[in-house]
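Commentary on secondary and tertiary structure
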Amino acid sequence: MFKNTILNRFLAGLLIVTVVLSGLLAGCRQREHAQPQPHWFKHYTHFHEKEYIQFIEDQVHNEDDSTLYAALTRDFYHDRHYHPFWTQKGLQEAFTDSLLATLSHAYPLHGIPAEYFGLDSLRQSITQLVEHQVPNNDSLYPYLYRLERQLTDQYLRYACALRYGAVSPKAVHGSKWYYETLAPDTAFLEATLGNIHRFSDYIPELYPQSADYKALQREWTKLISDTITEDKADSTVLPLQYRRDALVANLERLRWQKKHQKSDDTIYIAVNIPDYTLCVVQNDSVVMRNRICCGKTQNPENMPARYRDGLIFPYKAETPLMYSQIRTLVLNPEWNIPYDIIKNEYYHKLVKSNTAVVNREHLYIRDSRTGRYVKPDSIDWKRVSQNNIPYRLHQTSGRYNALGLYKFVFANSESVYLHDTNNKGAFKRNKRALSHGCVRVQYPDSVAEWVYTVNRFDTNYTEQLHIISGAEPTTEKGEEFLEKKHEKDSLYYESLSDWDKQFYRELRPTSVALRKPIPLFIEYYTCFVGDDGTVQYREDVYYKDGNILYLLQHPKR
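Residues numbered from 1 in each chain as written. Predicted model: local features only at pLDDT ≥ 70, side-chain atom pairs only at ≥ 80, totals over all residues. Heavy atoms only, no water.

This next bit is on the nonpolar core. Grouped together as the largest cluster of nonpolar side chains are 144 residues, with contacts concentrated most on Leu129 and Leu418. Broken down by element, this core gets its largest block of residues, 15 residues, from helix 7 (residues 140-164). Ignoring sequence-local partners within four residues, the contact set of Leu418 consists of Val271, Leu278, Ile326, Tyr406, Lys407, Phe408, Phe410, Val439, Val441 and Leu520. (Core = buried A, V, L, I, M, F, W, Y, C linked by side-chain atoms within 4.5 Å. Buried < 20%, exposed > 50% of the residue type's maximum accessible area, 1.4 Å probe, protein only. Helix = DSSP H or I, 4+ residues; strand = E, 2+ residues; numbered from the N terminus. Contact = heavy atoms within 4.5 Å.)

Here's what the structure looks like:
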């Protein structure tokens, strides 16, 4: 018992000594790299280190720490026992100069301008301090602490910009951005603050390492060098300034951290809106390309309402950007015409020539309240209010259908999808922003065939799907399937009422559930690395690059 008491007291004493020594060592570690006080700082005779540290402690305790960023910064100074890092002994000139140089290199390395970090303001504050323009009275400590926090904040700002992007993609793309993106978390911010002593080595560790990013960096370095002028640039591609702006914008896009990355999947479909292209990717190789038509837009110069706070907001018909998964393939889809299209496009045509439009476009009409079919000639459209249309229009399945023979369905809140089209001539155009938001695919049958293969549908089932799509049988089993299909169709027809038989359609939609969902990325890159390794440039069809440039030059503090 006595021995245990002695042992417990010894251990308790050892613990106290360990805690005290840890605190002393921590304080020493915070100051072990401190540089001597600059000779010019001796002008500030009012300055006392202990008073300044006490001032910092008071300030940190009174500051708002409602955000993760602010809370961790507060903890950082608390762990340092409120010793400053940049303004120890007045100013750590070597550290400060090194950080300013690092921040100034953000533009030639990554396209992030000096305005993003408020470099001019930082330099001016330091110059005023060096030139003894800060009154040697009670304003000195607030001035130093403000400078201390500015330098720490901009160090963190640069680290976060490199790892997670400098601007918000939601701010750039507005309501058309549906990707889940990652933001700096506790672990990242703590690691960044923990590496503040070696920031000149730590910052390069955060550079994006993808091959695409490095390729755009090399192109960026080449275009901002003094050896390239507008006269020497290849103007057949795009003007030099346009390419510079595109590189800045797309370097930023490649820094955004999306929750779902293409590298996470061995197979996927990627749509790039400015390139008007759909790529089918398998095992890091593009196995198929299709031209696409995407949602239409409108020049914001003709729509002043789209300008707000220096940004251009999206047009309602633009194709949304997102990650999703194709889980269903619909063969012979019908087009359930959206109400806005009925109101803005079909209403006037129906008022002018009701039955002619219905017959020409293979439409049928339902009462929106009861869901029952309505005969076209029973409606006097001139008596129907355009602002309160009680009917819904549907276009029957077939090659004349606006959705063609294939519709690829994926979850999204805007009711868009990939689909075939009856307007194949549109794919010959260079500019193909034509739809109401959906993505039209040039060769959807080839994409569907790839989907069948990826889902390991056997040959019998695949032939059945071809027959449902309108193909002729090629095997005996296929002929048997077609015969049974005709029998089922006949039984279905006989089960209908005399009224509903008037609206019977032999070709009807068939949904195919996929065993293996196909990841889908709808993206927006106005410059990217082509198959030959060169950087390709495309028109900024939705006017998004300017938003990125504006936000980089006018950051929120």
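Here the phi dihedral of Tyr276 falls at roughly 50 degrees; this positive angle occurs in a residue that is not glycine. Following the sequence through the fold, Tyr276 ends up in the loop between strand 1 (267-272) and strand 2 (277-282). The class of Tyr276 is buried, set by a relative accessible area of 7%.

This paragraph deals with the packing of helix 3 (residues 68-79) against helix 9 (residues 186-194). The relative placement of two packed helices comes down to the angle between their axes together with the axis-to-axis distance. For the pair helix 3 and helix 9, interaxial distance at closest approach is 10 Å and the crossing angle is 40 degrees. When you trace helix 3 past helix 9, the crossing you get is right-handed. Taken together, the residues of helix 9 that come into contact with helix 3 (itself represented by Leu68, Tyr69, Leu72, Thr73 and Phe76) are Thr186, Leu189, Glu190 and Leu193. Of the residues in the contact of helix 3 with helix 9, the class split is six nonpolar, two polar and one charged. (Axes fitted to C-alpha atoms, helices over the stretch in contact; angles between N-to-C directions. Left-handed = near helix turned anticlockwise from the far one by under 90°. Nonpolar A, V, L, I, M, F, W, Y, C, P; charged D, E, K, R; others polar.)

Here we take up the sheet that holds strand 7 (residues 335-336). Read across the sheet, four strands follow the order 7-10-8-9 without closing on themselves; strand pairing throughout is antiparallel. Only two strands of the sheet have a single partner each, and these edge strands are strand 7 and strand 9 (373-374). The sheet contact formed by strand 7 and strand 10 (residues 391-395) spans two bridges and is antiparallel. Paired with Trp335 across the strands is Gln395, a residue of strand 10. Packed on one face of the sheet, helix 13 (residues 339-352) meets strand 7, strand 8 (363-367) and strand 10 and runs near 90 degrees to strand 10. (Pairing = 2+ DSSP bridges.)

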